[in-house]
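Structure at a glance
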Amino acid sequence: MADRSGYRGLTAPLLLPTWVVIGLFMLVPVAVMAIYSVLTKEFRGGVIWDFSLAAYDQFFVTRGLFGDEAPQIEWTYISIFWRSIWQAALATLLCLIVGFPTAWFIATRPAQSRGVWLFLITIPYWVNLLIRTVSLKFLIRDTGPLNEALMGIGLTSGPLPLVNTNLAVQLGLFYSYLPFMVLPIYAAVERYNFAYSEAAADLYAGRWTILREIVLPIVRPGIIAGCLLVFVPSLGAFLAPDLLGGAKTFMIGSLIEEQFKGAQGNWPFGAAVAMILMSLVLIVLIAYARAATKAEAR
Amino acid sequence: MKGLRHYPGFLPMTIGCLVLLYAPLIVVMVYSFNGSNSITTWGGFSLHWYVDVFTGLEAARFGAAARNSLSIAFLAASGATLIAVAAAVAMVRGGQFRGKQATFALINLPLMVPEIVIAVSTLIFFSAIGLSTGYLTILLAHLTFCIPFAYLPIAARLQGIEDTYEQAARDLYATRWQAFRLILLPLMMPGIMSGYLLAFIISLDDFIITNFVKGAGMETLPTAIFGSVKQGIKPNIMAISTLMLLTSVLFVTLAYLINRKGQKTP
């Protein structure tokens, strides 16, 4: 195709601002963070420019309370990661269970009303995440409206202990990222050709069999994209665990934040934890991209 | 056969989903009109807490935070939109060029990297180059992560505009700049407006990154609210939350309507 609109020679100057801004304020910072993770910590925050693997050592290895025992695997931080992965996975599952029927329902509405349903689902996403999390906390706290109502109609005698539990954190994550699950599944179901369902029905397949055997394999890319869009931000979430959880629900986000705020701050360690989190997310994303290209090739 | 589109239980699930999404927001909105000093008991309808937001003890602190939030959102969204328009024209109209894939990845980078990682790396970077944290560092961080949010609707809109209109203008001896300003820019406007509005909300909403790069004494609305909430949820927070909530809903509705109207024209 000829260059009919005449922008071909201009791509470099047009893209220069993007390269400079994102490159300088995001790409370079990540590189600097990688360097900081192998420097020596300075007390009261900051670093000393001496190479040291102390941060990674602190994360993975323990040598006992006085540092004189044989090195063993340090489980403290690995278990925080493990718990975060679990929390994020359960929140993703919760989003999937609620999000799939919702996406399906919206995608099968008449074309005019679909936009309105989608709009209703996405509005809460644009409301400040902090405000949404605080609102949820207000609703489910011990003396909050939910517990008052439950006790009022006599369903429970005392308040349900919801705040500061794993369930509250999952609920918060679910509440934060649900639209991310609904939208890609909606896009996949909207493209689904219902002739396949009809063909299966003609061959005496029940509707749930059709859903399981025909629909799910076809809309799977949408489901996987949705799961990814919920799982990745949940993994590094800070507000939901911090406001809705307690000490027992400590997640990666809080661990990182502590290294930069508290009096016990340790910048290289915080940078190292952030690097490990980012590597984890990259592995998930690369695995997804591989699977997606493979599925496309088929 | 229509029946295969409908599964029993999917409608109640959707309703349940909407209830879950909206219930906390509605409860907070209702309680922001509570006349009582306590957040647990209902003391009749009152605008007391809205008056308190503007004249109460914390009014000065929240007022300064709101001005910071709005001016940063305005500057960051304006900058990000300008950058995104240029990038979208190059990416959509520029044909194939070296580094296109890499540029696409770069634009989407702020969406891929977890927010907390962006926050940490930005703080470390500013500290390493000796830029002290404050208004400027917040603005630079916001400008960066707003770019993909402005870019996506603009590029989507541009992809839907055929280049025959500009081509016709060029055939009639319009310069490249005239063809852009008089033909392409007006056609892109709905995408630009919704990109701008989305970038504005994203900047207004950000807590995590701002919290890292704001420095001592500097507050935006979310960080000021977070500071208050740590001491317990007070009624004035609910009034502020309701005001912010309505602002966001207003902006998103505008973006939605502009986009929908735009889809009807070429």
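Look up: the structure comes first, before these words.
Okay, so let's go over this structure. (Residues numbered from 1 in each chain as written. Chains lettered and ligands numbered in written order. Predicted model: local features only at pLDDT ≥ 70, side-chain atom pairs only at ≥ 80, totals over all residues. Heavy atoms only, no water.)

As a further point, take helix H1 (residues 10-31) of chain B. Residues and elements named next belong to chain B. Here H1 is 22 residues long and its end C-alpha atoms lie 32 Å apart, about the 32 Å a rise of 1.5 Å per residue gives. The largest bend along H1 reaches roughly 40 degrees and is located at Tyr22, with the proline Pro24 sitting one to four residues downstream. For H1, every residue scored as buried is listed here: Phe10, Thr14, Cys17, Leu18, Leu21, Tyr22, Pro24, Leu25, Val27, Val28 and Tyr31. (Helix = DSSP H or I, 4+ residues; strand = E, 2+ residues; numbered from the N terminus. Expected span 1.5 Å × (residues − 1). Bend = angle between axes of the 7 residues up to and from the residue. Buried < 20%, exposed > 50% of the residue type's maximum accessible area, 1.4 Å probe, protein only.)

On the side of chain A, 88 residues touch chain B, which itself brings 89 residues to the contact. Summing both sides of the interface, chain B and chain A together bury roughly 8,600 Å²; the carbon and sulfur share of this comes to 77%. Seen at the junction of chain B and chain A, the total is 1 salt bridge. With its nearest N and O atoms 2.7 Å apart, the salt bridge here joins Lys230(B) to Asp242(A). For the pair chain B and chain A, the interface holds 9 residue pairs in polar contact (both at pLDDT 80 or more). (Contact = heavy atoms within 4.5 Å. Buried area = accessible area lost by both parts, 1.4 Å probe. Salt bridge = Lys/Arg side-chain N within 4 Å of Asp/Glu carboxyl O. Polar contact = N/O pair within 3.5 Å; in protein donor to acceptor, adjacent residues only side chain to side chain.)

It is worth spelling out the nonpolar core at this point. One finds Trp104(A), Ile256(A), Leu277(A), Ile124(B) and Met188(B) to be the most contacted residues of the largest nonpolar core, which totals 186 residues. A total of 15 residues in this core trace back to one element, the largest contributor, which is helix H3 (residues 59-93) of chain B. Sequence-distant contacts of Ile124(B), defined by excluding residues within four places in its chain, comprise Val32(A), Met33(A), Tyr36(A), Phe260(A), Trp267(A) and Ala271(A). (Core = buried A, V, L, I, M, F, W, Y, C linked by side-chain atoms within 4.5 Å.)

Now for empty space enclosed by the protein. All names here are of chain A. One pass over the structure, following the stated rule, counts 1 cavity of 30 Å³ or more. Quantified by volume, the largest cavity comes out at close to 40 Å³. Around the largest cavity, the lining residues are Leu129, Leu173, Ser176, Tyr177, Ala237, Phe238, Leu239 and Ala240. Listed by contribution, the elements that provide at least two residues to the lining of the largest cavity are helix H7 (166-191) and helix H10 (239-244). Per-element accounting of the lining of the largest cavity gives the leading share, 3 residues, to H7. Looking at side-chain class alone, the lining of the largest cavity contains 7 nonpolar, 1 polar and no charged residues. (1 Å grid on protein atoms, 1.4 Å probe; cavity = no way out; pocket = protein on both sides within 12 Å on 5 of 7 lines; lining within 4 Å. Points joined across faces, edges and corners; volume = space filled by probe spheres on them. Nonpolar A, V, L, I, M, F, W, Y, C, P; charged D, E, K, R; others polar.)

Right, let's get into the pattern of salt bridges. As enumerated under the stated definition, the model contains 7 salt bridges over all chains in all. When the shortest N-O distance is used, the salt bridge between Glu190(A) and Arg114(A) registers 2.9 Å. Remark: Arg114(A) occurs in helix H4 (residues 111-126) and Glu190(A) occurs in helix H7; sequence separation between them is 76 residues. For Glu190(A), a relative accessible area of 40% translates into the label partly exposed. Residues Glu166(B) and Arg93(B) are paired through a salt bridge, measuring 2.9 Å at the closest nitrogen-oxygen approach. Within this pair, whereas Glu166(B) is found in helix H7 (residues 164-171), its partner Arg93(B) is found in helix H3, the two being separated by 73 residues in sequence. Relative accessible area serves as the criterion here: at 1%, Glu166(B) is assigned to the buried category. For Arg93(B), a relative accessible area of 10% gives the class buried. One connected set of salt bridges, linked through shared partners, spans Glu58(B), Arg61(B) and Lys234(B).

Residues Ile26(B), Val30(B), Trp42(B), Phe45(B), Leu47(B) and Val51(B) make up a contiguous nonpolar surface patch of roughly 620 Å² in combined accessible area. Mapped onto the elements, Leu47(B) comes out in the loop between H1 and helix H2 (48-55). (Patch = residues over 30% accessible without salt bridge, like charges linked within 9 Å, V, L, I, M, F, W, Y side chains within 5 Å. Areas by Shrake-Rupley, 256 points an atom, 1.4 Å probe, with all protein chains shown as cover.)

Here we come to the packing of helix H5 (residues 129-140) of chain A against helix H6 (residues 145-152) of chain A. All names here are of chain A. Direction vectors running N to C along H5 and H6 enclose 25 degrees, while the axes themselves pass 4 Å from each other. Judged by the inter-axis angle, H5 sits roughly parallel to H6. Of the residues in H6, those in contact with Phe138, Leu139 and Ile140 of H5 are Pro145, Leu146 and Asn147. Here the contact of H5 with H6 is built from residues that sort into 5 nonpolar, 1 polar and no charged. (Axes fitted to C-alpha atoms, helices over the stretch in contact; angles between N-to-C directions. Parallel < 35°, antiparallel > 145°, perpendicular 65-115°, else oblique.)

Before going further, it helps to examine the environment of Tyr50(B). Residue and element names in this part refer to chain B. Among the secondary structure elements, Tyr50 is positioned in helix H2. Sequence-wise, Tyr50 and Ser32 are 18 residues apart; in three dimensions their C-alpha atoms are separated by 7.9 Å. Excluding residues that lie within four positions of it along the chain, Tyr50 makes contacts with Ser32, Phe33, Ala239, Thr242 and Leu243.

Throughout the structure, instances matching the rule amount to 33 aromatic pairs over all chains. On the basis of an interplanar angle of 80 degrees and a centroid distance of 5.7 Å, the ring pair of Trp104(A) and Phe194(A) is categorised as edge-to-face. In this pair, Trp104(A) sits in helix H3 (residues 75-107) while Phe194(A) sits in the loop between H7 and helix H8 (195-202), placing the two residues 90 residues apart along the sequence. Since its relative accessible area comes to 1%, Trp104(A) is described here as buried. On the basis of an interplanar angle of 85 degrees and a centroid distance of 5.5 Å, the ring pair of Trp104(A) and Tyr7(B) is categorised as edge-to-face. Highlighted residues: Trp104(A) in helix H3 and Tyr7(B) in the segment before H1, drawn from two different chains. Across the pair, Tyr7(B) and Trp104(A) agree in class, each one buried. Feature note: the residues Phe100(A), Trp104(A), Tyr192(A), Phe194(A), Tyr196(A), Trp208(A), Tyr7(B) and Phe10(B) constitute an aromatic cluster, connected by ring pairs. In this arrangement the basic side chain of Arg109(A) is found over the ring face of Phe105(A), its NZ or CZ atom lying 3.9 Å from the centre. One Lys or Arg, Arg5(B), reaches over the ring of Phe194(A) and ends 4.1 Å from the middle of that ring. (Phe/Tyr/Trp six-rings, centres within 6.5 Å; stacked < 30°, edge-to-face > 60°. Lys NZ or Arg CZ within 6 Å of the ring centre and 35° of its normal.)

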